[in-house]
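What follows is each chain in one-letter form.
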Amino acid sequence: MADPDFDVLILGAGSGGYACALRAAQLGLSVGLVEKGNLGGTCLHVGCIPTKALLHAAEVADQARESEQFGVRATLEGIDMPGVNAYKDGVVSRLYKGLAGLIKSRGITVIEGTGRLTGPREVTVDGTAYTGRNVVLASGSYARTLPGLDVDGERVITSEHALRLENVPASVVVLGGGVIGCEFASVWRSFGAEVTIVEALPRLVAAEDEASSKALERAFRKRGIAFRTGTPFQSVKHTDTGVAVTVEGGDVIEADLLLVAVGRGPVTEGLGYDEQGVSMDRGFVLADDRCRTNLEGVYAVGDIVPGLQLAHRGFQQGVFVAEDIAGLDPRPVDEAGIPRVTYSHPEVASVGLDEAKAASTYGADGIETFTFDLGGNGKSQILKTQGFVKLVRRKDGPVIGVHLVGDRVGELIGEAQLIYNWEGYPEDVAPLVHAHPTQNEALGEAHLALAGKPFHAHS
Ligand SMILES: Cc1cc2nc3c(=O)[nH]c(=O)nc-3n(C[C@H](O)[C@H](O)[C@H](O)COP(=O)(O)OP(=O)(O)OC[C@H]3O[C@@H](n4cnc5c(N)ncnc54)[C@H](O)[C@@H]3O)c2cc1C
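Throughout this document, residue positions are counted from 1 along each chain, in the order its sequence is written. Where local features are concerned, this predicted model is filtered to residues with pLDDT of at least 70; where side-chain atom pairs are given and counted, the filter is 80 or more; whole-chain, interface and lining totals use all residues. Only hydrogens and water are set aside when side-chain values are computed; all heavy atoms of the structure are taken into account.

Draft legend 1. Expanded view of the nonpolar core. Residue types Ala, Val, Leu, Ile, Met, Phe, Trp, Tyr and Cys, when buried and joined through side-chain atoms within 4.5 Å, form a set referred to as a nonpolar core. Categorising residues by exposure relies on relative accessible area from a 1.4 Å probe, with only protein chains included: less than 20% of the type maximum marks a residue as buried, more than 50% marks it as exposed, and the intermediate range marks it as partly exposed. Counting 34 residues, the largest nonpolar core has Val174, Trp188, Ile197, Phe220 and Leu259 as its most contacted members. Helix and strand labels come from DSSP, where a helix needs a run of H or I of at least four residues and a strand needs a run of E of at least two; each type is numbered from the N terminus. Secondary-structure elements contributing two or more residues to this core are helix 3 (48-65), helix 4 (81-105), strand 9 (171-175), helix 6 (179-190), strand 10 (194-198), helix 7 (210-223) and strand 15 (257-260). It is helix 6 that provides the largest number of residues to this core, a total of five residues. Whether two residues touch is decided by their heavy atoms; if any such pair falls within 4.5 Å, the residues are in contact. Other than its neighbours up to four places away in sequence, Leu259 contacts Ile157, Thr158, Ser159, Ala162, Val172, Val173, Val174, Leu175, Phe184 and Trp188. One finds Ala21, Leu22, Ala24 and Ala322 within the second-largest nonpolar core, a separate group that totals 27 residues.

Below, the structure is given as C-alpha cells:
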C-alpha cells in the first residue's frame, strides 16, 4: 500500500478505542481516532460513570433515610432529580474534558464523523478515505431489545433513557436481572420507587456464583425490591398512566415505566466489516487472544468481541493492541482474570471461576471453598452491611475464584484480582497484614481459614 495516513487507525473512541489511541501515541505511533459521537463512548457518557453517580446519590439517600440506626437524626425530604442529574452530568463533563485534553496532548488526530471499513486497511469517514498500517475496530455496543417490544423512550426505555429521567418514577418494571437491571432497580428503590424485576433465568445476576445471587436476592427482598425470576416476559401494553407488563403464566404487572435491560448487542451492522471479509458471528467480530481478526493488520477490541462487555476489558485490550503493534510482545488479556462488579446496594463482585464452574472443571473433589461472613468483620459491622467473602481454590493449589457480596466490596476486588492473576495460594496470602478495621481484612480472614489458620472465622 502507498504510505498510509496513520500507523494506527481506530474506528470508535470508547473505552477500547481511546485506550488503544492513548497507548499507541505514547509509544510514538501516529494515530487516527474516528468518532461519530463523544470521545469516551458508552462508559463515560451513558454507561459506567453516570450510572455509578446515580448509585452514589442513591447511597446518600439511603444513608439519610437510615441515619437513625447510626444515632443521627437526618430526614430525607425527597429526591431532586434535576439536582441529581446536575451532579451526574458534572462528573461526566469533568472527566470528558480531561479525556479530550489528554487525547489532544498526545497528538492523536481525532476524525469526527461516521466511519465505515471500505478496504482492508481503509476507513471512510463521511466521504473521505483514511488509511492505516493497522486498523482497530472498536465500534462498541447498543442496548438490545426483544422481538415485539417497541422502545419508545418514554414508557418503554433503555438504560440510556433511564439516565435522563427528569422525575423519579413511582413504579418501574425492570426487564432483565443482570448487572444493568439490578443497578437501576437498586437506584430507583433507594429513590423511593416500587420496583419489580422480571428475569427469565432462575436467578438475579445469573453469571455470578449462586451464593452471590442468593445473597443479593435476600438483600433486595429486604429492601422491598420485588423480583420474578424464572419468568419470561410476554408482552407490554400502554395504559392510561404507564405500562402493563404480562409475564409467562399470565400475571400482569402495572407500572409507570418498563426498563429494557436484556443485554447489549455489537454495533457492527452496516459498517462494512462483513463486506471486507472480517469473520463475524451473530454480529460480533471474531478475534483471537491477541485481538487479531482474520484480516492481516485488522484488530478488534471491546464490546464487539464476544466476552465480558466491560470497560476495563476494553481498556486492557486497547492497550494490548497498541503494544502488540509497537512490537512489545505484551501478554494477552486473560478473560477469566477480569474482575466483575455489580454496584447495587449491596454490591456483588467477583474474579475467576464460580464454585459450579470450578467443580465442573476440576471435579467436586478437586476444589475447596471457604465463606467468611461479613458479620465477623469489624468494618462491615460499623457500616451495618451484610454479605460474605467466598474463596474457591484448587485442592492444595491456588485461589481460582473470589466472590464478594456487601456494600463497598467492589473496592476489594483489586486485591482479589491480584491474588487470582498471580495464582496466589491461601498460604501466600495468609501472612499478609491487612489494615484494621477494613473490609479487606475479610479477604485476609478467608485466606487464613483456607490455609488452616482461621482467626476470627469458625472453621
Ligand atoms: C448502563 C451501563 C452501565 C455500565 N456500567 C459499567 C461499569 O460499571 N463498569 C464497566 O466496566 N462497564 C460498564 N458498562 C459497559 C461499558 O460501558 C462497555 O463495556 C464499554 O463502554 C465498551 O467499550 P467499547 O470501546 O467497546 O465501546 P463503546 O464505549 O460503546 O464505544 C464505541 C464508540 O464507537 C463509536 N462508533 C460506533 N460506530 C461508529 C462509526 N460507524 N463511526 C464512528 N464512530 C462510531 C460510538 O459512538 C462509541 O463512542 C456499562 C454499560 C452500560 C450501558
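Draft legend 2. Inspection of the pattern of salt bridges at higher detail. Within this document, salt bridges are pairs made up of a side-chain nitrogen of Lys or Arg and a carboxyl oxygen of Asp or Glu, the two lying within 4 Å of each other. On inspection of all chains with the given rule, the structure shows 19 salt bridges. A salt bridge links Arg313 to Glu335, with the nearest nitrogen and oxygen atoms 2.7 Å apart. Of this pair, Arg313 sits in helix 8 (residues 311-325) while Glu335 is found in the loop between helix 8 and strand 20 (340-342), placing the two residues 22 residues apart along the sequence. Look at Arg313 and you get buried, because its relative accessible area is 1%. The partly exposed category is assigned to Glu335, whose relative accessible area is 29%. Through salt bridges with shared partners, one network takes in Arg290, Arg292, Asp324 and Asp329.

Draft legend 3. Geometry of the pairing of strand 1 (residues 6-11). Most of strand 1 is tucked away: six of the six residues are buried. In this analysis, strands are considered paired if DSSP registers two or more bridges between them. The pairing of strand 1 with strand 6 (residues 128-137) spans five bridges and is parallel. Note that in strand 6 the partner of Val8 across the bridge is Asn134. Across four bridges, the pairing between strand 1 and strand 2 (residues 31-35) is parallel. Counterpart to Leu9 in the pairing with strand 2 is Gly32. Handedness of the β-α-β unit built from strand 1, helix 1 (residues 15-26) and strand 2 comes out right-handed. For a crossover, the right-handed case is the one in which the path from the first strand over the helix to the second runs clockwise, viewed with the strands pointing away from the viewer.

Draft legend 4. The arrangement of the state of the cysteines in detail. A pair of sulfur atoms, both from cysteines and within 2.5 Å, is called a disulfide here. By the definition in use, this model includes zero disulfides. Cysteine Cys291 remains unbridged, with the sulfur of Cys20 as its closest cysteine sulfur at 9.1 Å. A relative accessible area of 4% places Cys291 in the buried class.

Draft legend 5. How the structure looks around the sheet that holds strand 15. Pairing is parallel in the open sheet, where five strands are placed in the order 8-15-9-10-11. In this open sheet, the two edge strands, each paired with only one partner strand, are strand 8 (156-157) and strand 11 (226-228). Inspection of the sheet shows strand 9 paired to strand 15 by four bridges, in the parallel sense. Paired with Val173 across the two strands is Leu258, which belongs to strand 15. Here an axis means a line fitted to C-alpha atoms, over the contact stretch when the element is a helix, while the angle between two N-to-C directions is reported on a 0 to 180 degree scale. Its contacts with the sheet place helix 6 against strand 8, strand 9, strand 10 and strand 15, and it is angled at close to 165 degrees to strand 10.

Shape descriptors only; they carry no functional weight alone.
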